[in-house]
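Results of the structural survey
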Amino acid sequence: MAISYNEIIEKYDCTMIDKTIYDIINNSYQKKKFGFTSIEDNHQTIVYMLLNFDVEDRDTLAGISMLPMVIVEHNPKLKYSDEVYCIVSRVGDSILSQDVKGDSE
């Protein structure tokens, strides 16, 4: 069953970071990489996402992936970036790594 965007934003936080921070800390997190294209202007953006927890299923991962996409689409400074970097954590949890390992690029 698909998870609604409202359920996702109640359970998960997305923090945008820069490439330098990503490069320094990415080995301690589960990594996901995906691209999306804006329906308004066909601009493509690659998202490099770090997770400090294990994703339970594909529906949850799909829902979590909406978080950086919405942030990019609504932030004029990020909207036309070719690449963006972020950390996703559960609401109330620290964004610091909990020694989650995994690489799914």
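Note that the structure is predicted; figures quoted are calculated from it, not measured.

**Examining the confidence of the model for the protein chain**
- Mean pLDDT over the protein chain: 87, with 90% of residues reaching 70 or higher.
- Counted against residues more than four places away or in other chains, residues 101–105, with its pLDDT under 50, gives 11 contacts.

**Section: the packing of aromatic side chains**
- Across all of its chains, the model carries 4 aromatic pairs by this definition.
- Centroid distance Tyr48 to Tyr85: 5.0 Å. Interplanar angle 15°. Geometry classified as stacked. Highlighted residues: Tyr48 in strand E3 (residues 44–51) and Tyr85 in strand E4 (residues 83–90), separated in sequence by 37 residues. Judged on exposure class, the residue Tyr48 and its partner Tyr85 are both buried.
- Among the aromatic side chains, those forming a connected cluster through ring pairs are Tyr22, Tyr48 and Tyr85.

**Quick look at the environment of His43**
- Note on placement: His43 falls in the loop between strand E2 (30–37) and E3.
- Taking the C-alpha atoms as reference points, His43 and Ser81, 38 residues apart in sequence, are found 8.8 Å from one another.
- Not counting residues up to four positions away in its chain, the partners in contact with His43 are Phe36, Thr37, Ser38, Lys79, Tyr80, Ser81 and Asp82.

**Points about the nonpolar core**
- In terms of nonpolar packing, the biggest core is built from 16 residues, with Tyr12, Val47, Met49, Ile64 and Val88 touching the most fellow members.
- Of all the secondary-structure elements, those providing two or more residues to this core are strand E1 (12–17), E2, E3, helix H3 (58–74) and E4.
- Beyond its immediate stretch of four places on either side in the chain, Ile64 contacts Ile8, Tyr12, Met49, Leu51, Phe53 and Val88.
- Judged by nonpolar contacts, the second largest core, of 7 residues, contains Ile17, Tyr29, Tyr85 and Ile87.

**Digging into unusual backbone geometry**
- For Asn42, which is not glycine, the phi dihedral falls at a positive 65°.
- Tracing the backbone shows Asn42 in the loop between E2 and E3.
- Judged by its relative accessible area of 61%, Asn42 is exposed.

Calculation criteria
Residues numbered from 1 in each chain as written. Predicted model: local features only at pLDDT ≥ 70, side-chain atom pairs only at ≥ 80, totals over all residues. Heavy atoms only, no water. pLDDT = per-residue confidence, 0-100. Contact = heavy atoms within 4.5 Å. Phe/Tyr/Trp six-rings, centres within 6.5 Å; stacked < 30°, edge-to-face > 60°. Helix = DSSP H or I, 4+ residues; strand = E, 2+ residues; numbered from the N terminus. Buried < 20%, exposed > 50% of the residue type's maximum accessible area, 1.4 Å probe, protein only. Core = buried A, V, L, I, M, F, W, Y, C linked by side-chain atoms within 4.5 Å.

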